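# Residue-level structural notes
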Amino acid sequence: MNEHDRKSREEAGDEMTGVVTDLLRCSLYDGPGVRTTVFLKGCTLMCAWCHNPEGIRPGIQLRYFKEKCTGCGRCAAVCPSGAHFLDGNGTHRVDFAACAVCGRCVRACLTGALVLAGTRMTAEEVIGQVKKDLPYYRRTGGGVTLSGGEPLAQSEFAARILQGCRAAGIHTAVETAGNVPWEAFERTLPVTDLYLFDYKLSSADAMKRYTCGSQERILKNLAGAAKYYEREAGSHGGKGKERGIWLRCPVIPGINDTKEHFAAIRALKARYPAIRKAEIMPYHEMGKNKWEQLGMEYRLGETAVPDPETVKEWTRQLSE
């Protein structure tokens, strides 16, 4: 479908669109079985360690890979806002604040050094991509996972995708940090088999400092989702399909690698039967370069990646 047709149908109310940063097929890490992970753009948090910073801001953004740039100046020649320029040494510089995200520089770039982070898609287009791997889902107990960013920041769009996948018999999962209005859960709970709930920190002060989020809201939403699954046990998902909540716990050295935090995770799992398991997500630096590519500041530059023995000890504490 071309852009004109898409806009016409959207204006007519025929289809719903949202902004997608990526669509990863054959994923093995975002829920049970082989999955297609759809990354939706926009987040309600600003986690200092975020490895998908391209998903934080809701709108489409410019991303610059300086290692691919030859300094040809084609981008500066076509940019209407002066966001691209060559300094005194002939090095390409980007003023991200001035960028109007018109895409002219991306089309002019011959080396792929400039790309746009984010694509507007209809829910039907996303569902069509997800359906391509139906045989793998059926064979492995897999399905679709909405991730981000925070997929519930686009809760209506997310719900439409989940409805279409559920109608096709596809297992549905949503990765969320829970820092959204309860209405976002109300829209998606009836069509979501599994929430991958990112439980990050155990104190309100730490949440504000490192994520700008509300611990109170997150805990209320986690409790609400858990109680929903306890009431509706066995009513959805199908025989043998994973249903409920998995806690996914990013652990960052010097921030939340404490006995108190691991004890809080264990307490949550014991409190709510709908929480099927809790797992450690060790800190890594794979998203560090993305911050610079987007013109954003990375706050954890000196944080060390934990060694395997440290991760093993965290896992032991979590399972005590």
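## Digging into the overall build of the protein chain
- Scanning the protein chain for helices and strands turns up 12 helices and 12 strands.
- Taking 20 Å as the expected radius of gyration for a compact globule of 320 residues, we find that the protein chain reaches 21 Å, a close match to that expectation.
- Viewed in the frame of its principal axes, the protein chain has a C-alpha envelope of about 60 × 50 × 35 Å.
- By residue count, 49% of the 320 residues in the protein chain fall in the buried class.
- For the protein chain, the proportion of contacts with a sequence separation of at least 24, taken over those separated by at least 6, is 69%.
- Looking at the protein chain as shown, the accessible area adds up to about 15,400 Å², and 51% of this sits on carbon and sulfur atoms.
- A distance of 3 Å separates the average location of the 44 positive side-chain charges in the protein chain from that of its 38 negative side-chain charges.

## Notes on unusual backbone geometry
- The residue after Gly148, namely Gly149, is reached through a cis peptide bond having omega 10°.
- Mapped onto the elements, Gly149 comes out in the loop between strand E8 (143-147) and helix H6 (155-167).
- Residues other than glycine seldom take positive phi values, yet Cys26 does so here, at roughly 60°.
- At Val101, a position not held by glycine, the phi torsion is positive, near 55°.
- Turning to its location among the elements, Val101 is positioned in the loop between strand E5 (92-94) and helix H3 (104-108).
- The class of Val101 is partly exposed, set by a relative accessible area of 31%.

## Here's the deal with the packing of aromatic side chains
- Taken as a whole and assessed by the stated rule, the structure comprises 6 aromatic pairs.
- Ring centres 5.3 Å apart and planes at 40° place the aromatic pair Phe185 and Tyr195 in the tilted group. Of this pair, Phe185 sits in helix H7 (residues 182-188) while Tyr195 sits in strand E10 (residues 194-198); the two residues are 10 residues apart in sequence, bridging distant segments of the chain. For the pair formed by Phe185 and Tyr195, the shared burial category is buried.

## Quick word on the nonpolar core
- Formed by 70 residues in total, the largest nonpolar core has its most connected members in Trp49, Ile245 and Leu247.
- If one sorts the elements of this core by residue count, helix H9 (residues 215-231) sits on top with 7 residues.
- When sequence neighbours within four positions are dropped, the list of residues in contact with Leu247 reads Phe197, Tyr199, Leu222, Ile265, Leu268, Ile275, Lys277, Ala278 and Glu279.
- Among the nonpolar cores identified, the runner-up in size contains 11 residues, and Cys75, Ala83, Cys109 and Leu114 belong to it.

## Here's the deal with the pattern of salt bridges
- Counted by the stated rule, this structure contains 19 salt bridges.
- In this structure, Arg248 and Asp30 form a salt bridge, with 3.5 Å as the shortest nitrogen-oxygen distance. A residue pair is termed long-range when its members are at least 10 positions apart, and Arg248 in strand E11 (residues 244-251) and Asp30 in the loop between strand E1 (17-27) and strand E2 (35-40) qualify at 218 residues. Each member of the pair Arg248 and Asp30 is classed as buried.
- Linking Lys66 and Glu292 is a salt bridge whose minimum nitrogen-to-oxygen distance equals 2.9 Å. With Lys66 in the loop between strand E3 (61-64) and helix H2 (74-78) and Glu292 in helix H11 (residues 288-293), this residue pair connects regions lying 226 residues apart in the sequence.

## Topic: the sheet that holds E2
- Pairing is mixed across the open sheet formed by 8 strands, whose spatial order is E7-E1-E2-E8-E9-E10-E11-E12. Because the sheet does not close on itself, it has two edges, and the strands there are strand E7 (119-122) and strand E12 (275-282). Across the sheet, the mean angle separating the axes of adjacent strands is 30° when strand polarity is ignored.
- As defined by bridge partners, E2 adjoins E8 across 5 bridges and the pair is classed as parallel.

## A look at the packing of helix H10 (residues 259-271) against helix H12 (residues 308-318)
- In the contact formed by H10 and H12, the axes pass within 9 Å of each other and the chain directions differ by 45°. Classed by the angle they form, the pair H10 and H12 counts as oblique. Across the interface between the two elements, Lys259, Phe262, Ile265 and Arg266 from H10 touch Trp314, Gln317 and Leu318 from H12.
- In the contact of H10 with H12, the residues fall into 4 nonpolar, 1 polar and 2 charged.

## Description of the pairing of E12
- In the sheet, E11 pairs with E12 via 7 bridges, with the strands oriented parallel. Bridge pairing links Arg248 to Glu279 in E12.
- Handedness of the E11-H10-E12 crossover: right-handed.

Cut-offs used in this document
Each chain has its residues counted from 1, following the order in which its sequence is written. In keeping with the model being predicted, local features are shown solely for residues with a pLDDT of at least 70 and side-chain atom pairs are shown and tallied solely at 80 or more, while totals for entire chains, interfaces and linings include all residues. Side-chain metrics in this entry use all non-hydrogen atoms of the structure; hydrogen atoms and water are not considered. Only DSSP runs of H or I with at least four residues qualify as helices, and only runs of E with at least two residues qualify as strands; both kinds are numbered from the N terminus onward. Only C-alpha atoms enter the radius of gyration, while the globule expectation follows 2.2 Å times N to the 0.38, with N the number of residues. Exposed residues in this analysis have more than 50% of their type's maximum accessible area, buried residues have under 20%, and partly exposed residues fall in between, with area computed by a 1.4 Å probe over protein chains only. Every residue pair with non-hydrogen atoms within 4.5 Å of one another is taken to be in contact. Throughout, the Shrake-Rupley method with a 1.4 Å probe supplies accessible areas, and for residues the shown protein chains are the sole cover considered. The sign given to each residue is positive for Lys and Arg and negative for Asp and Glu; His and the chain ends receive no count. Charge positions are represented by NZ for Lys, CZ for Arg, CG for Asp and CD for Glu. Each Phe, Tyr or Trp ring (for Trp, its six-membered ring) is paired with any other whose centre lies within 6.5 Å, and the angle between the two planes then decides the class: stacked below 30 degrees, edge-to-face above 60, tilted in between. As used here, the term nonpolar core means buried Ala, Val, Leu, Ile, Met, Phe, Trp, Tyr and Cys residues forming a set that is joined through side-chain atoms within 4.5 Å. By salt bridge we mean one thing: a side-chain nitrogen of Lys or Arg within 4 Å of a carboxyl oxygen of Asp or Glu. By the convention used here, strands pair only if DSSP detects at least 2 bridges between them. For every element, the axis is a line fit to its C-alpha atoms; helices are fit only across the contacting stretch, and the angle between N-to-C directions ranges from 0 to 180 degrees. Oblique is the label for any angle not covered by the other classes, which are roughly parallel (under 35 degrees), roughly antiparallel (over 145) and roughly perpendicular (65 to 115). Gly is placed with the polar residues, together with every amino acid not listed as nonpolar (Ala, Val, Leu, Ile, Met, Phe, Trp, Tyr, Cys and Pro) or charged (Asp, Glu, Lys and Arg). Handedness is read with the strands pointing away from the viewer; a crossover is right-handed when the path from the first strand over the helix to the second is clockwise.

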